[in-house]
Amino acid sequence: MSSCLSWQLSQAFHEGNPTIPDGASNPMARIQRELEAIRLIELGARANLICQLTDVNKQVVSRLYRQLTGAPSAPGLTPFTDTWYIKNDRLMLHVSVVWRLFRQTADFGCSAAQQLIAVYQAYVSLVKTPLLNITRVHFVTRLVTTLSWEERGCPECRANYLAPVDRLARSCYGCTLYFDQRCRHCNATFPLHKKGRPRKRCLACGLVR
Ligand SMILES: [Zn+2]
Ligand SMILES: [Zn+2]
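These notes cover the structure that comes with them. All residue numbers here refer to positions counted from 1 along the written sequence of the relevant chain. For naming, the first written chain is A and the first written ligand is 1, with later ones following in the order written. Only residues with pLDDT of at least 70 get local features here, since the model is predicted, and only at 80 or more are side-chain atom pairs given and counted; chain-wide, interface and lining totals rely on the full set of residues.

Focus: the pairing of strand β1 (residues 149–153)
And then number 1: Here a strand pair is declared whenever DSSP counts at least two bridges between the two strands. Helix and strand definitions here come from DSSP, where helices need a minimum of 4 consecutive H or I residues and strands a minimum of 2 consecutive E residues; each element is numbered from the N-terminal end. As paired strands, β1 and strand β2 (residues 160–164) are joined by five bridges and run antiparallel to one another. Pairing of G153 across the sheet is with N160, part of β2.
And then number 2: The loop that links β1 with its antiparallel partner β2 comprises six residues; one of these, R158, has a positive phi angle of about 70 degrees.

Pasting the structure below:
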């Protein structure tokens, strides 16, 4: 969307709305927040999350939402637990990618909305098939700040990754997925059973997993 069209949209949605949200004394700041709201809508964020991150009036966000997508936002936010993430190692691998992006952008001095936009755009451009939508990406930080997840160092690849505090596995999720297919000792590929699952014993060196 061009900045000109964004600005026109911003003006249009304030017509007839005398209740100007916080920051009205600085119209440029208000327009900036509304542009962030528009970008978040384009990236698939729900209205409640957008209000939370941008401080833009909910009525304004709802109007922007209908104008841009042709439909109202789905109500509420995703339930706040890590159940959905931890059911799949691949999802948790993506979580660690996202977490590193949050860490790398933490000192940029941008707003929470700007940081989420930057992280999500970088994430979808980095991975071939993104598994996390923008809401799931946002909740990664929440799960760290509520101490449900912690950052750890992987002894296999030396990378930092995120894991639930009660997870017992010693490797990161990337290495866990890798060593599901290959022997930790000799790096040979585990042959598959007829059912398609890797065998438990390495045929090259005899190591049992
Ligand atoms: Zn690792
Ligand atoms: Zn082996």
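A few points about the nonpolar core
And then number 1: I50, V98 and V137 are the most contacted members of the largest nonpolar core, which totals 39 residues.
And then number 2: The set of elements that each furnish at least two residues to this core consists of α2 (27–42), α3 (47–54), α4 (58–69), α6 (89–104), α7 (112–126), α8 (134–145), β2 and α9 (173–181).
And then number 3: Where each domain starts and ends follows an automatic or database-derived domain assignment. Each of domain 1 (3–69) and domain 2 (83–181) gives at least three residues to this core.
And then number 4: Here, residues touch in the contact sense if the C-beta positions derived from the backbone fall within 7 Å of one another. Those residues in contact with V98, other than ones at most four positions away along the chain, are V119, Y123, L132, V137 and V140. Structurally, a nonpolar core is described as a collection of buried Ala, Val, Leu, Ile, Met, Phe, Trp, Tyr and Cys residues joined by way of C-beta atoms within 7 Å. Whether a residue is buried, exposed or partly exposed follows from its count of other C-beta atoms within 10 Å of its own C-beta, namely 20 or more, 12 or fewer, or something in between, respectively; the C-beta atoms are built from the backbone.

Some thoughts on the environment of Y120
And then number 1: Take Y120: it is sitting in helix α7.
And then number 2: Spatially, the C-alpha atom of Y120 lies 7.0 Å from that of V137, the residues being 17 residues apart in sequence.
And then number 3: Sequence-distant contacts of Y120, that is, excluding residues within four places in its chain, are made with L43, I134 and V137.

Note that every value here comes from positions in space, so none of it alone points to a role or purpose.
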